[in-house]
Amino acid sequence: MKHILVTGGAGYIGTHTVVELINNGFVPVIVDDFRNSSHLAIQGIEHITKQKLLIHEFDLCDLIAVKSLFSRYSFDGIIHFAAYKAVGESVNSPLKYYTNNLQSLTNILACMIEFQVNNLVFSSSCTVYGDPVGIKEVSENSEKAQPSSPYGNTKLIGENIIEDTAKANPWLKSICLRYFNPVGAHPSAEIGEFPIGKPNNLLPFVTQTAIGLHEKLTVFGNDYPTVDGSCVRDFIHVVDLANAHVQAIDFLNSHKDGFNEAINIGTGKGTSVLEIINLFEKISNQKLNWEFGPRRDGDVIEIFANASKAKELLNWEAKHTVEDAVLSAWNWEINLKQKRF
Ligand code: UD1
């Protein structure tokens, strides 16, 4: 049985990945200190998989605790999700982001070296492309730019730290998965995103508005040079994204030493903010209260993935449509309402 360490395994993408790892015969070992996640997420996974999970509750910035975990298990791979991810907060508290996101990564890499664990999948983001002026479809070879926030910088620097560490330790293998916009929830509606506080991301704000938690959604900008004036993103269903991690682990396990690359994970298709709203209204059969507002600082106009490398190397491609994602996000919101009250 292959043991995979999943840091941040109680988080949004982590929970869905734990489910898919179990579905594919792996034994996930979760580390999460629940500062940004809920124990309800663990219950959700256990309902879906009908399995008791291995969970360790500690802060990954604590090197002694990380070492002690590595001495207990013989890991066949590591999927490192645990990180802060709120763009706006990172602008106001950059050191919180640099310290937490980078120290946890260096601790993991140090233990990988000490305990000779050689397969790492790192949670990166299309934010490493910054604002790619003049191109909408980005491939891994597209020029990287300065991300628009300290959060984004931690992803770019994280990729660089892994690359440098792998150069010095050629047996170490890694894949940095650059996610586009993860959305949706497990079809069971047992797990999904638990936004803490007011969500900044589009789809949680849409579903929370529809369920009555906010009065209205503001669409940031109506005069962008896009299909309908609103921004365009590549919305990737979280279950597809979870499977990309399983396929990345499989790939690393079967690949020889020295593989260290970044791979885009998206659908390859752009959908505008207004198209998401229309889809939501159609799927939920209700009108959403929304209005146009000014552009949001730092927003990229239009970006979607060239996902051919994922297909070529991992034999991965998105199977769910954006409609599936919106429907599952809505079902999850309805289910979450029962948990909230
Ligand atoms: C954001 C982060 C990105 C991160 C990703 C995680 C920024 C600049 N980027 O991407 O680094 O990896 O989340 O999912 O924040 N929108 C509205 N009204 C809202 C919320 C969003 O119109 O209330 C629009 C935004 O202007 C944007 C689109 O919806 O055009 C998507 O926004 P969001 O979900 O925040 O994702 P990104 O900004 O693409």
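Each remark here, short or long, concerns the structure printed above.
Residues numbered from 1 in each chain as written. Predicted model: local features only at pLDDT ≥ 70, side-chain atom pairs only at ≥ 80, totals over all residues. Heavy atoms only, no water.

## As for the pairing of strand β9 (residues 217–220)
As a reminder of what qualifies: Any residue under 20% of the maximum accessible area for its type is buried, any over 50% is exposed, and the rest in between are partly exposed; the area is computed with a 1.4 Å probe on protein chains only. A helix here means a DSSP run of H or I that spans at least four residues, while a strand means a run of E at least two residues long, and both kinds are numbered starting from the N terminus. Each pair of strands is called paired provided DSSP finds at least two bridges between the two strands.
The alternating pattern of β9 places L217 and V219 on a buried face and T218 and F220 on a face that is not buried. In this sheet, strand β14 (residues 290–293) lies alongside β9 in parallel orientation, the contact comprising four bridges. Bridged to F220 within β14 is G293.

## Focus on the packing of aromatic side chains
The relative placement of two aromatic rings is captured by the distance of their centres and the angle of their planes. For clarity, the threshold we go by: In this scheme Phe, Tyr and Trp rings, the latter by its six-membered ring, pair at centre separations within 6.5 Å, and the angle between planes marks the pair as stacked below 30 degrees, edge-to-face above 60, and tilted otherwise. For a lysine, the NZ atom is tested; for an arginine, the CZ atom; a charge sits over a ring if that atom is within 6 Å of the ring centre and within 35 degrees of the ring normal.
Enumeration over the complete set of coordinates arrives at eight aromatic pairs. Plain terms: the ring middles of Y73 and F75 are 5.4 Å apart, the flat faces sit at 20 degrees to each other, and that makes the pair stacked. Neither residue differs from the other here; Y73 and F75 are each classed as buried. Measuring from ring centre to ring centre gives 5.2 Å for F194 and W332, while their planes differ by 85 degrees; the resulting arrangement is edge-to-face. Placement of the pair is F194 in the loop between β8 (181–183) and α7 (202–210) and W332 in helix α11 (residues 322–340), with a sequence separation of 138 residues. Using a relative accessible area of 3% as the deciding quantity, one classes W332 as buried. Ring-pair connections join several aromatic residues into one group, and the members of that group are F70, Y73, F75 and F115. Sitting over the face of the ring of Y84, K96 holds its NZ or CZ atom 4.6 Å from the ring centroid. Over the face of the ring belonging to Y224 we find R295, whose NZ or CZ atom lies 4.0 Å from the ring centre.

## Describing the site of the ligand
Selection criterion: Think of it this way: one heavy atom of a residue within 4 Å of a molecule or strand is enough to make that residue near it. Polar contacts here mean pairs of N or O atoms no more than 3.5 Å apart (in protein, one a potential hydrogen donor and the other a potential acceptor; neighbouring residues in sequence count only if both atoms are side-chain atoms). All accessibility values rest on the Shrake-Rupley procedure with a 1.4 Å probe; residue burial counts only the protein chains present in the view. Gly is put with the polar residues, along with every residue not named as nonpolar or charged; the nonpolar set is Ala, Val, Leu, Ile, Met, Phe, Trp, Tyr, Cys and Pro, and the charged set is Asp, Glu, Lys and Arg.
If you check the shell around the ligand, you find 19 residues, and the closest are L202, T218, R233, R296 and D299. Here an oxygen atom of the ligand sits 3.0 Å away from a polar atom, N or O, in the side chain of N201. The contact in question runs from an oxygen atom of the ligand to an N or O atom on the side chain of R296, over 2.8 Å. The protein chains hide 88% of the 740 Å² of surface that the ligand would expose on its own. Of all the secondary-structure elements, those providing two or more residues to the shell around the ligand are β8 and β9. No other element matches β9, which puts four residues into the shell around the ligand. Each residue belonging to the shell around the ligand can be placed in one class, and the counts come to nine nonpolar, seven polar and three charged.

## Side note on helix α8 (residues 238–254)
Rule in force here: Any helix carries an expected span of 1.5 Å times its number of residues minus one.
Taking 1.5 Å per residue as the helical rise, α8 with its 17 residues ought to reach 24 Å, and the 25 Å between its terminal C-alpha atoms agrees with that figure. Within α8, 13 of the 17 residues are buried, which leaves the element mostly enclosed by the surrounding structure.

## Notes on the sheet that holds strand β12 (residues 260–265)
Note the following rule: Only C-alpha atoms enter the line fits that serve as axes; for helices the fit covers just the stretch in contact. Angles between N-to-C directions range over 0 to 180 degrees. By definition, residues are in contact when any of their heavy atoms lie within 4.5 Å.
Read across the sheet, seven strands follow the order β3-β2-β1-β4-β5-β7-β12 without closing on themselves; strand pairing throughout is parallel. Single-partner strands in this sheet number two, and they are β3 (54–56) and β12. For this sheet the average axis-to-axis angle between neighbouring strands, irrespective of direction, equals 20 degrees. In the packing of helix α5 (residues 94–115) onto the sheet, the strands contacted are β1 (3–7), β4 (77–80) and β5 (119–125), and the crossing angle to β4 comes to about 175 degrees.

## Details of the pattern of salt bridges
To be explicit about the condition: Each reported salt bridge corresponds to a side-chain nitrogen of Lys or Arg within 4 Å of a carboxyl oxygen of Asp or Glu.
Scanning the entire structure with this criterion turns up 16 salt bridges. With a shortest N-O distance of 2.8 Å, E89 and K96 are connected by a salt bridge. On the basis of relative accessible area, K96 is assigned to the partly exposed category, the value being 34%. E261 is the salt-bridge partner of K309, the closest N and O atoms lying 2.7 Å from each other.

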